[in-house]
2 protein chains.
Amino acid sequence: MRIAVDAMGGENAPGEIIAGALQWTKETSSNIILVGREMVIKEELSRFTYDPARVEIVNASEVIGMEESPALAFRRKKDASIVVATKLVKEKRADGLISCGSTGAQMAAAIFILGRIEGVDRPPLISALPNSSGSFTFLMDLGANVDCKASQLVQFAFLGNAYARLFLEADDPRVALLSNGTEETKGNAVTLEAHDLLTRQKNINFIGNIEGRDIFADEADVVVCDGFVGNIVLKTIEGMAAFISAASWKETGKIPAYFQQLDYTRIGGAPLLGVEGISIVCHGSSGREAVYNGMKIAEKSKQDNIIEAQKQSLNLMDSQE
Amino acid sequence: MRIAVDAMGGENAPGEIIAGALQWTKETSSNIILVGREMVIKEELSRFTYDPARVEIVNASEVIGMEESPALAFRRKKDASIVVATKLVKEKRADGLISCGSTGAQMAAAIFILGRIEGVDRPPLISALPNSSGSFTFLMDLGANVDCKASQLVQFAFLGNAYARLFLEADDPRVALLSNGTEETKGNAVTLEAHDLLTRQKNINFIGNIEGRDIFADEADVVVCDGFVGNIVLKTIEGMAAFISAASWKETGKIPAYFQQLDYTRIGGAPLLGVEGISIVCHGSSGREAVYNGMKIAEKSKQDNIIEAQKQSLNLMDSQE
């Protein structure tokens, strides 16, 4: 297996990115392709001991910054590291890629270079949150698509269904809509319509609406919402975790061990679903541990053949016409 | 001062509601009017010692349940406790009311009996969240209005501005929109439009967008969103608090003291803004302490003349035509 790594993306690039990717090669028999400015990568690599036969470098002269307009930057910077890394996946020179850079640019590259899976309007981001059973609950979309149609939320549900099936090893994952009440009469206009559409779908275990408080209560395996809501929820959780760990530190002089459950570095990355290739989005502030865990997600996605699983799930979706 | 109390609303009615209200009378020179089934209230009161001159009972033969359609129940149950309590405020026999019952019914009663303040399309709910500075950040709307127009979010901003001014004793509260990024280009369609409208308002300290993680970071005094998003955020916080306190209990055998900061009973209630009278919405599972704190919010709202403050703030809103 070969995973392409956007060595230039993220706040801690390239050092921590390369460190995390190298660590992964040491624990697998797989190879990495580091994509970015060759001189910079070579200099960084000189600090590590590694097997050169397992590490390839592909030069990319440009980088897309977090502050740039993703669509514009994608069109202008043909030699950006995320563009080159995505092309490696398209050309089957890599089995997947990970990046800690601009999510929008990564998404644009995935849509225009890899292409969308048939039946998918927009590719959603999905990530795992810990729950009270000691397992995980998947939340999607996490910010890639702010205004969604009901039919798009239905597509998300089928994509998330495939993902949870593999990662939770669940036969028939419980799929829910995130709403302001559990009753089917609760929700904004799009959620109400999506509820109606999902109720009519036969080949998905749609359990109805859940509320924000149920995300942590293991009430569902996949929680579907638009990217505006999902992004706000995820960042609220992040902010609250920071708030509580600071309060805990002040009170007890330590961070409780259970906080590790909320540490995004343990999760590593959010796969971009609905596209014809494996593209793992990592947090912009990822350090080596998060990158290492992101590599493991890319590896597992390939081993489990997540693309094929998504296509099979979408094939079971009844027409929404 | 006289505060009307919906003695029949909420999971712990009437016992805990009456207990919390009586406690408040003992610490003030004010009176309460308990509204509900007279026989039930009298029997409950017989368990307490109190000054009968300070406690009035007004009979209401019906109760609106949490499972009923608020609009329908409001029209059919003319003698429901929340309807009778709201009429007491309208008739100036009470200075405000609190209820732990159906939020939708309380809102319908407020709109149709008290009426909306001029310039307000929809009354929002506002509540305080703790922040990292040891102060509070106000979040609104919390679920009363799921699909909002941009102009309604602007109205919320001016109402929240008035509330934060009084409760935080801030001269010029920082008002922000909750979005999926801080940049003005981030947001769903309604948020983008509201951002544009608020930027053009001269008489409000609009600081732009904030993200979910900034809610706890004291980045703004008032955080505005629609009721769908606000409800999901508030309940996510609630669910995460329950998740963490259970994990803490398992790890250390105790709930950390800082958790009290996240305990909604300390806040007590969320005022319904934008209506011509004081109506405090309390959590359905409120116990006596939450009710007591809800009474204090009603009291402070009256003392500070929150209705007049909202009108003054709305007068400073430039026309959105």
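Quick caveat, the model's predicted, so the values are computed rather than measured. (Residues numbered from 1 in each chain as written. Chains lettered and ligands numbered in written order. Predicted model: local features only at pLDDT ≥ 70, side-chain atom pairs only at ≥ 80, totals over all residues.)

(A) The arrangement of the overall build of chain A in detail. The number of helices and strands found in chain A is eleven helices and eleven strands. Its C-alpha atoms give chain A a radius of gyration of 20 Å, near enough to 20 Å, the size a compact globule of 321 residues would have. Reported as C-alpha extents along the three principal axes, the dimensions of chain A are approximately 60 × 55 × 35 Å. For chain A, the residues scored as buried account for 55% of the 321 residues in total. Of the contacts formed within chain A by residues at least 6 apart in sequence, a portion of 72% connects residues at least 24 apart. (Helix = DSSP H or I, 4+ residues; strand = E, 2+ residues; numbered from the N terminus. Rg over C-alpha atoms; globule rule 2.2 N^0.38 Å. Buried ≥ 20, exposed ≤ 12 C-beta atoms within 10 Å, placed from the backbone. Contact = placed C-beta atoms within 7 Å.)

(B) Quick peek at the environment of A:Ala176. Of note, A:Ala176 is situated in strand S7 (residues 175-178). If near-sequence neighbours (up to four positions away) are discounted, A:Ala176 is found in contact with A:Ile207, A:Gly208, A:Asn209, A:Ile210, A:Glu219, A:Ala220, A:Val223 and A:Val224.

(C) View of the domain arrangement of chain A. Residue and element names in this part refer to chain A. Annotation of chain A at the domain level lists domain 1 (1-120 + 272-305) and domain 2 (124-265). Taking only C-alpha atoms into account, the centre of domain 1 sits 26 Å from that of domain 2. Counting residues at the interface gives 14 residues for domain 1 and eleven residues for domain 2. Only helix H5 (103-114) and helix H10 (288-303) provide two or more residues apiece to the side of domain 1 that touches domain 2. Counting residues per element, the side of domain 1 that touches domain 2 draws most heavily on H10, which supplies three residues. Partitioning the side of domain 1 that touches domain 2 into residue classes produces six nonpolar, six polar and two charged. (Domains from an automatic or database assignment. Nonpolar A, V, L, I, M, F, W, Y, C, P; charged D, E, K, R; others polar.)

(D) Region of interest: the pairing of strand S5 (residues 126-130) of chain A. All names here are of chain A. In terms of residue burial, S5 counts as a mostly covered element, since five of its five residues are buried. Side chains Ile126, Ala128 and Pro130 of S5 all project onto a buried face; the interleaved residues Ser127 and Leu129 project onto the opposite face, where all are buried too. Inspection of the sheet shows S5 paired to strand S6 (residues 136-140) by five bridges, in the antiparallel sense. Paired with Ala128 across the strands is Phe138, a residue of S6. From the end of S5 to the start of S6, which pair antiparallel, there are five residues, and Gly134 there has a positive phi angle of about 80°. (Pairing = 2+ DSSP bridges.)

(E) Up close: the relation of the copies chain B and chain A. The transformation that overlays chain B on chain A combines an axial shift of 0.0 Å with a rotation of 180°, and the residual RMSD is 0.1 Å. What we have between these two chains is a two-fold relation. Mapped onto chain A, 100% of the interface residues of chain B again fall at the interface, so both copies present the same surface. (Least-squares fit on C-alpha atoms with pLDDT ≥ 70 in both.)

(F) Main features of the confidence of the model for chain A. Overall, the prediction assigns chain A a mean pLDDT of 93, with 97% of residues at 70 or greater. On the interface metric, ipTM, the complex scores 0.93, and its pTM is 0.93. (pLDDT = per-residue confidence, 0-100.)

(G) Here's a closer look at the environment of B:Pro52. Mapped onto the fold, B:Pro52 is located in the loop between helix H2 (38-45) and strand S3 (55-59). Expressed as a C-alpha distance, the spacing of B:Pro52 and B:Asn31, which sit 21 residues apart in the sequence, is 9.7 Å.

(H) The sheet that holds strand S9 (residues 222-224) of chain A, seen in detail. Residue and element names in this part refer to chain A. Reading across the sheet, the five strands line up as S5-S6-S9-S7-S8 and stay open at both edges, with mixed pairing between neighbours. The open sheet has two edge strands with one neighbour each: S5 and strand S8 (206-210). Between one strand axis and the next, the sheet turns by 30° as a mean value, whatever way the strands run. The strands touched by helix H6 (residues 150-167) are S5, S6, S7, S8 and S9; relative to S9, the strand with the most contacts, the crossing angle is about 165°. (Axes fitted to C-alpha atoms, helices over the stretch in contact; angles between N-to-C directions.)

(I) Region of the structure containing helix H10 (residues 288-303) of chain B. Residue and element names in this part refer to chain B. A rise of 1.5 Å per residue sets the reference length of H10, with its 16 residues, at 22 Å; its end C-alpha atoms lie 22 Å apart and thus fit the reference within 8%. Looking only at H10, the buried set comprises Ala290, Val291, Tyr292, Asn293, Gly294, Met295, Ile297, Ala298 and Ser301. Two residues or fewer past H10, Asn305 is found with a positive phi of approximately 55°. (Expected span 1.5 Å × (residues − 1).)

(J) Here's a closer look at the pairing of S3(B). As defined by bridge partners, strand S2 (residues 31-36) of chain B adjoins S3(B) across five bridges and the pair is classed as parallel. Bridge pairing in S3(B) links B:Ile32 to B:Val55.

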